[in-house]
Amino acid sequence: MASSFSLLFLAALVATLAFRLWLSGRQIAHVAAHRDQVPALFADRIPLAAHQKAADYTVTRTRFGRGFAVAHAALLLALTLGGGLAALDAFWQPRLDGLWYGVALIGSVAFISGLVDLPFDLYRQFVIEERFGFNRMTPGLFFADLAKQTLLAVLIGTPVLLAVLWLMAAMGSQWWLYVWLFWCGFNLALMFVYPTWIAPLFNKFSPLAEGEMKSRIEALLGRCGFRSSGLFVMDGSKRSSHGNAYFTGFGNNKRIVFFDTLLSRLQPAEIEAVLAHELGHFRRRHVIKHIALSFALALLLLWVLGQLIGAPWFYAGLGVPGEGTTALALILFFLVMPVFTFPFRPLQSLLSRRHEFEADAYAAEHASADDLVRALVKLYEDNASTLTPDPVHSAFYDSHPPAAQRIDHLRRLQSA
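Residues numbered from 1 in each chain as written. Predicted model: local features only at pLDDT ≥ 70, side-chain atom pairs only at ≥ 80, totals over all residues. Heavy atoms only, no water.

The residue Q125 is located in helix α4 (residues 98–131) in this model. Among the polar contacts made by the side chain of Q125, one reaches the side chain of N135 at a distance of 2.6 Å. Apart from the residues lying within four places of it in its own chain, the contact partners of Q125 are E130, N135, M137 and R239. (Helix = DSSP H or I, 4+ residues; strand = E, 2+ residues; numbered from the N terminus. Polar contact = N/O pair within 3.5 Å; in protein donor to acceptor, adjacent residues only side chain to side chain. Contact = heavy atoms within 4.5 Å.)

Structure, rendered in structure tokens:
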């Protein structure tokens, strides 16, 4: 049984990697083939030079992603069938007991994964983003962010991991249900405290200044029946020239946040339309649906792990001989799970795109569809988003509809 599972895992890993490389190859070829002509829908709005920059940026990032995918597949293979986890287990077992052994084991894997990611993160930020004019981050700020993220991971992750491992050990065969309840509660609490306690560690949030823009936004919030704890501007420009806007928080602690780069580029009416789109997600209950779906999937995955945790073939098939521990089961399961769930990614993308269309329709009802079109076109240009993605690649990776489909949908709403 163990050898059969090893072969199944190896076949799935190779097939997934090969398919991802095939998808990226399609994306590169498709974008490059359409590099020299702006699509007719955008011909009067986006210059050829901007379209070519977006194509080059997309091709460069996609090629970079191929190397990243190969590196992560190699790391996964090294940790599992290559004996990496078995070696870490053999190192920590004699030195630590109980829950702290599990924390050390999982922490070691996270540390190794972070070391592998670090050169890729540096290259992405200081080579690719710099080459295309998006990077505004200094090396000092990069490593300061990394230090804060690591400290937060330790301060928050350690007690969470201790609680999960304790529940797995103490709650018998139904441990997965108790872990799920704890995990749901923790995530809801994190959503509530993130805007006030965590986000300000990385960025400065200033109240939106008085003026036409604030008046339009407050009127829109009133029409839509949305109550927030404030309108804020985030200093995103100190890290990147990319623009964005988002909701954060939960319950009465909801905030609306605009990147300063977004405000500097869009007109008040266009920002109102962008916000109307985001409010559409709220009014159509997309956030609640997303949370409910993620919690349901977490319950399913934890139940599956509950069935595997006592199976010797599960550990031996992934390169860990002998009797496994709860910590080993946890880390093994969540390391290999993405290999087997990758084929379901188009379903996630399809649901997300459906929500985007619904939010656009809501924006067209409560603001101007034409203003939203103008805002989106500016954002496509400013963020160097390709207008011509490969359809198959897009179906797997893109949470938003392709630009042409989205603009066409908005124009039909406008003329309806």
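What follows concerns the side chain of N383. The residue N383 is located in the loop between α14 (369–382) and α15 (391–397) in this model. A relative accessible area of 14% means that N383 is categorised as buried. A distance of 3.0 Å separates the side chain of N383 from the side chain of H242, its partner in a polar contact. Residue contacts for N383: discarding those within four places in its chain leaves Y57, F134, H242 and G243. (Buried < 20%, exposed > 50% of the residue type's maximum accessible area, 1.4 Å probe, protein only.)

A few words on unusual backbone geometry. Phi is positive for R285, close to 60°, though the residue is something other than glycine. Using a relative accessible area of 54% as the deciding quantity, one classes R285 as exposed. Located in the positive-phi region is A384, a residue other than glycine, with phi close to 55°. Relative to the assigned elements, A384 resides in the loop between α14 and α15. According to the relative accessible area criterion, A384 is buried, its value standing at 3%.

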